[in-house]
Amino acid sequence: MIPIPLLALVAPALCLKAFDNGVGHTPQMGWNSWNKYGCNINESVIISAAETMNQLGLLQYGYEYIVMDDCYQLKERDSETGKIVVDPQRFPNGIKYLSDRVHQLGFKFGMYSSAGKFTCGRYPGSLGYEELDAQTFADWGVDYLKYDNCFNEGMSGNEKISSDRYLKMSQALNATGRTIFYSLCQWGEDNVWNWGTTLSNSWRVTGDIYDSFNRYDDRCPCESFDCAGIQGNSCSMVNIFEKAIPLAQKSGPFEGWNDLDSLEVGNGGMTTNEYKAHFTLWAILKSPLVLGNDLPRMSQTDFAIITNKDIIAINQDFSSPAVRVWKRAVKGGHLSLLVNKLADPYVFTVTLFNSGDRKERLEVKFSDIFFDHPGFQESSFTARDLWTNETMDVKQRFFTAVNKHSVKVWNFVLTDTVAANSGWGANLRSIWHLCVDTILVSKQIS
Ligand SMILES: *[C@@H]1O[C@H](CO)[C@@H](O)[C@H](O)[C@H]1NC(C)=O
Ligand SMILES: *[C@@H]1O[C@H](CO)[C@@H](O)[C@H](O)[C@H]1NC(C)=O
Ligand SMILES: *[C@@H]1O[C@H](CO)[C@@H](O)[C@H](O)[C@H]1NC(C)=O
């Protein structure tokens, strides 16, 4: 074991993030217009979303960015300046007015373009116009760019071609001098999880989400992340979850974030238990938590889901995504056990996900939960269910049941003071925790 003072010296070098524009040290949170509205957006849609976020106090839960997706433009660029032209019917007061309004309400403003000749809605894309468009966005007061992959003119197929295409916009955004969160929407092509970290804050790992728990759709033909075929769209929640799990190791506070796509909570295609599972799984895998629903007409039930502070806290904890310890096929479906090691060395999050069609009863063993942390296998914990708040004292094993299409998620807090004092505290302050301190301290200073 390297002594702590030495670690303190080497940590700053080890903790450097390849790409650091000062934002995105935890997954971004906010709202995006696409899942609910698609192309049917206008000034009042965006402003009423922002006003509702403000009235509901969503900023205090962490929801910070209001992102306007595709279809705000006219079909042609300005013939003299080459700039994107905003549709004057839908946005009679222009984009600067909109971003000022969003800022007045306390939020940050995001927009959309594509690293292609056109956007997905066939409006002018930013390929070949990176500097001009980045400056236009900066002039409009934009704080976030979602950057799509449509009409890329065949400039994909290997990591170099794709990453060069996305690097152009990264450099153009940087050159504006404005802090702009850079969110790649590259659908998981060309192993974006390997190079997204060098030039962006987050990167989509799959085709577009569809508001369904597990409906199969030929437009989303891949069942796992490494399939050779097209990533597609209309991917169910479980399809995306299964693809994202093995990629979780590619994301973290010093890397950037795997983006599992905007949330569907509140859009009506899943049951309450399914939406709780969706929200929990996105949170523990450290996906951005970007709402995609009709905010002014959100139900109390959906509001309670998206404002569960304990679940959000796991997502925003300064640590890495959940690890799946096991996946078991049972009659009619699958059960998964997932564990998050949180930044606090004495707290873990334990999640059971039942994607199958019947309720399952099972025994959960500490030898599984603490497979990666064997020193805790004999310890005692208080486990709190983060959806019901019921607590139980646990040691070695426990029995539980998980409804169909549901999760159970607990915070495990160490109660065993012997274990807490017997060296874990000092010895486990690894490079990891020094990195956490380094970044947190530098954040406080700036
Ligand atoms: C703005 O868009 C919404 C949703 O598509 C629509 O209901 C509304 O009528 C539109 N408002 C204007 C002024 O076009
Ligand atoms: C531009 O990049 C440099 C070097 O990575 C970084 O220090 C700086 O914060 C970036 N500026 C903006 C506005 O993103
Ligand atoms: C559980 O209790 C905590 C602490 O009292 C509270 O903040 C949280 O909102 C409760 N969660 C639920 C789901 O009731």
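These lines cover the structure that appears in this document, whether it is placed above or below. As the structure is a prediction and not an experimental result, all values here were calculated from the model. (Residues numbered from 1 in each chain as written. Chains lettered and ligands numbered in written order. Predicted model: local features only at pLDDT ≥ 70, side-chain atom pairs only at ≥ 80, totals over all residues. Heavy atoms only, no water.)

Helix and strand counts for the protein chain come out as 14 helices and 16 strands. Sorting the 446 residues of the protein chain into buried and exposed places 56% on the buried side. Sequence separation of at least 24 residues holds for 71% of the intrachain contacts in the protein chain that already meet a minimum separation of 6. With the model as given, the accessible surface of the protein chain reaches about 18500 Å², and the carbon-plus-sulfur share is 51%. (Helix = DSSP H or I, 4+ residues; strand = E, 2+ residues; numbered from the N terminus. Buried < 20%, exposed > 50% of the residue type's maximum accessible area, 1.4 Å probe, protein only. Contact = heavy atoms within 4.5 Å. Areas by Shrake-Rupley, 256 points an atom, 1.4 Å probe, with all protein chains shown as cover.)

Below, the discussion takes up the site of ligand 1. The environment of ligand 1 is formed by N40, N42, S44 and V45. At 3.0 Å, a backbone N or O of N40 approaches an oxygen atom of ligand 1. One nitrogen or oxygen atom from the side chain of N42 is found 2.3 Å from an oxygen atom belonging to ligand 1. Of the residues in the shell around ligand 1, the class split is one nonpolar, three polar and no charged. (Near = heavy atom within 4 Å. Polar contact = N/O pair within 3.5 Å; in protein donor to acceptor, adjacent residues only side chain to side chain. Nonpolar A, V, L, I, M, F, W, Y, C, P; charged D, E, K, R; others polar.)

What follows deals with the state of the cysteines. Under the counting rule described, the total for this entry stands at three disulfides. Between the sulfur atoms of C39 and its disulfide mate C71 the distance is 1.8 Å. In this pair, C39 is assigned in the loop between helix 2 (34–37) and helix 3 (43–55) and C71 in the loop between strand 2 (65–67) and helix 4 (94–104), connecting sequence segments 32 residues apart. Take C71: its relative accessible area is 0%, and that puts it in the buried class. One disulfide in the model links C120 with C150; its S-S distance is 1.9 Å. A torsion of 95° about the S-S bond marks the disulfide between C120 and C150 as right-handed. (Disulfide = S-S within 2.5 Å.)

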